[in-house]
Amino acid sequence: MLCLGIETSCDETALALVRDGVVIADVMSSQADVHALFGGVVPELASREHYRLIGALCDEVLRRAGVTAADIDVVAVARGPGLLGSLLVGMGFAKGLALATGARLVGVNHLHAHLLAAGIAAEMAYPALGLLVSGGHTHIYRMESPRRMSLLGRTLDDAAGEAFDKVAKQLGLAYPGGRTIDELGRKGRVNPAMFPRPYVDNDNLDFSFSGLKTAAGLVVQANPALIEAARAVMTGSALSADASNADDTEPDSTLTDVSSLCDMCASFNHAVADTLRIKLERALARENGPLPGTPTVAARKKRKKSGAVVVDAGQAASPCPPTVPEHAALAAHAGQGGEVPDTHRAPVRALVAAGGVAANSYVREALGDLAMRAGLPLLLPTPALCTDNGIMVAHAGWQLASLGLWHDLALEAIPRGRSIPDDFTMFRSV
Ligand code: KG4
Ligand code: ZN
């Protein structure tokens, strides 16, 4: 089965071809430069760029794969959530192509496609616990199948990627800034006390990153030298200062500021990664039972009240995962913060993380530690497949079509903020 995937939900026009689950070609045009001028995505410009490029990119992906449009069996298109005008460009193109060639049309949930991309390099194990961290979303899902994913928690305000981008903007770094903050952080030292772990002293699985963004903004405001250092990094003068200062005995103030910038970025990365890990660990505790050393929410609140620094004890704990029979014993702890597994559901067999922020090296490390302690596999797309791409849509479309799921031409685009309906039609053979 040859499946073409089309992704136009935000600022990347991306198409890919997958044959029976194997990627055979992909193309992508990023609009980052267009939007960088404005410090964020301008929806009208985004749809115009998609419209300008989509035809040529489709020709190119077919050429690279050595196939023609008539060879396509399934046209998969990201139907949302995203910018409505941008989605409509991809959707109109996909419908026209399906109509002209007789291929099946499959509307793909962009967020599900991100998570399913973790199954490209390794086999997905269901049920899985999925953390989707992108520029617009921070969601925790229980993943039952490529089609069925139930939302367990979500951000109440800014998404993790949005927090990265806004802090980068305050520093004057180029949009989107997540990757730069990650890279700068790698040259600095983490101060765990510099930033809070926001919205963790509660008993839910939701996130709130706006306080962390504000805390970082206050640090930047109080230290204007950080903005100067960011400018020096952007223009490359920090690197030349580094070289020219090699023999100097006097410390160069630019270098001192760049090193403070790197420390701040390291601490910010660490705070985001730790917050994501805490909530994913809590979600895992609810599904499979607590890991040894995980503080209950009640313990967290108590320790916070007493003024103690709340540090999770899990780091050094045994890597043994809780077994199913333990669930009965754990049920006896009901009321101690909600970390009681639902004994009617099968325990999760894997952790999954995807979306642009899952490319972050701190997030990958923190979740790797969690997976090791839980004794579960952690499935992560490669960093290039964490951010928006056409391969994830083609791959998800191929999986859905293999289950006999498709859409007719009434398929609707769903903008951000509205939930995506499960409105597939079944067909018997493909
Ligand atoms: O998934 P994605 O490409 O687009 C959406 O669907 O939103 O995610 C984009 C987001 C941006 O906020 C970007 O700054 C962030 O992912 N991002 C990163 C990294 N790479 C991309 N954030 C932190 N560290 C990274 N290495
Ligand atoms: Zn995305």
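Look up a bit, the structure's there.
Bear in mind that the values here come from a model prediction, so they are computed numbers and not experimental data. Counting starts from 1 at the beginning of each chain's written sequence and moves along it residue by residue. For this description, chains carry letters from A and ligands carry numbers from 1, given in the order in which they are written. Per-residue local features of the predicted model are confined to residues with pLDDT of at least 70, and side-chain atom pairs are confined, for both listing and counting, to 80 or more; whole-chain, interface and lining totals are unaffected and use all residues.

### So, the overall build of the protein chain
Per the convention used, a helix needs a DSSP run of H or I reaching at least four residues, while a strand needs a run of E reaching at least two, with both numbered from the N terminus. Across its full length, the protein chain holds 15 helices and 12 strands. When the 430 residues of the protein chain are sorted by exposure, 50% land in the buried category. The contact rule is simple: place each C-beta atom from the backbone, and if two of them lie within 7 Å, those residues are in contact. Nonlocal contacts in the protein chain, meaning residues at least 24 apart in sequence, comprise 74% of its contacts between residues at least 6 apart. In this scheme every C-beta is placed from the backbone, and a residue whose C-beta has 20 or more other C-beta atoms within 10 Å is buried, one with 12 or fewer is exposed, and one in between is partly exposed.

### Re the site of ligand 1
We call a residue near a molecule or strand when its C-beta atom, built from the backbone, sits within 6 Å of it. Taken together, 19 residues form the shell around ligand 1, and within it Gly135, Gly161, Gly178, Gly356 and Asn360 come nearest. Those elements that place two or more of their residues in the shell around ligand 1 are α5 (160-171) and α6 (178-185). Under this grouping Gly is polar, as are all residues other than the nonpolar Ala, Val, Leu, Ile, Met, Phe, Trp, Tyr, Cys and Pro and the charged Asp, Glu, Lys and Arg. Grouping the amino acids of the shell around ligand 1 by side-chain chemistry returns five nonpolar, 10 polar and four charged. When residues of the shell around ligand 1 are sorted by domain, at least three fall in each of domain 1 (2-116 + 386-426) and domain 2 (126-380). Residue ranges assigned to the domains are those given by an automatic or database domain assignment.

### Quick notes on the sheet that holds strand β9 (residues 350-354)
In a beta sheet, neighbouring strands pair by backbone hydrogen bonds and run either parallel or antiparallel. One open sheet accounts for five strands, arranged β8-β7-β6-β9-β10; its pairing is mixed. A strand with exactly one partner marks an edge of an open sheet, and here the two such strands are β8 (149-154) and β10 (378-379). Strands are treated as partners if at least two bridges between them are detected by DSSP. Note that strand β6 (residues 128-133) and strand β7 (residues 138-143) share six bridges and pair antiparallel. In the strand pairing of β7, Val133 is matched with Thr138.

### Let's talk about the packing of α5 against helix α7 (residues 210-222)
Axis separation between α5 and α7 bottoms out at 10 Å; the angle between their running directions is 15 degrees. On the basis of their axis angle, the class for α5 and α7 is roughly parallel. The element α5 and its partner α7 pack so that their crossing is right-handed. Only Leu212, Lys213, Ala216, Gly217 and Val220 of α7 make contact with α5, whose side of the interface consists of Ala163, Lys166, Val167, Gln170 and Leu171. Looking at the contact of α5 with α7, its residues break down into six nonpolar, two polar and two charged. As a rule, the C-alpha atoms of each element are fitted with a line to give its axis, helices using only the stretch in contact, and angles between N-to-C directions run from 0 to 180 degrees. Reported orientations rely on four angle classes, namely roughly parallel under 35 degrees, roughly antiparallel over 145, roughly perpendicular from 65 to 115, and oblique for the rest. The hand of a helix crossing depends on one turn: near helix anticlockwise from the far one by less than a right angle means left-handed, and clockwise means right-handed.

### Quick look at the pairing of β8
Relative to β8, β7 runs antiparallel, the two being bridged by five bridges. Of the residues in β8, the one forming a bridge with Arg142 is Ser150.

### Quick notes on the pairing of strand β3 (residues 22-30)
Summarising the sheet, strand β2 (residues 12-19) and β3 pair through eight bridges and their orientation is antiparallel. Opposite Ala16, over in β3, you have Asp26 as the bridge partner. Connecting β2 to the next strand, β3, in antiparallel fashion are two residues, including Asp20 with a positive phi near 45 degrees.

Purely geometric stuff here, so don't read any function into it on its own.
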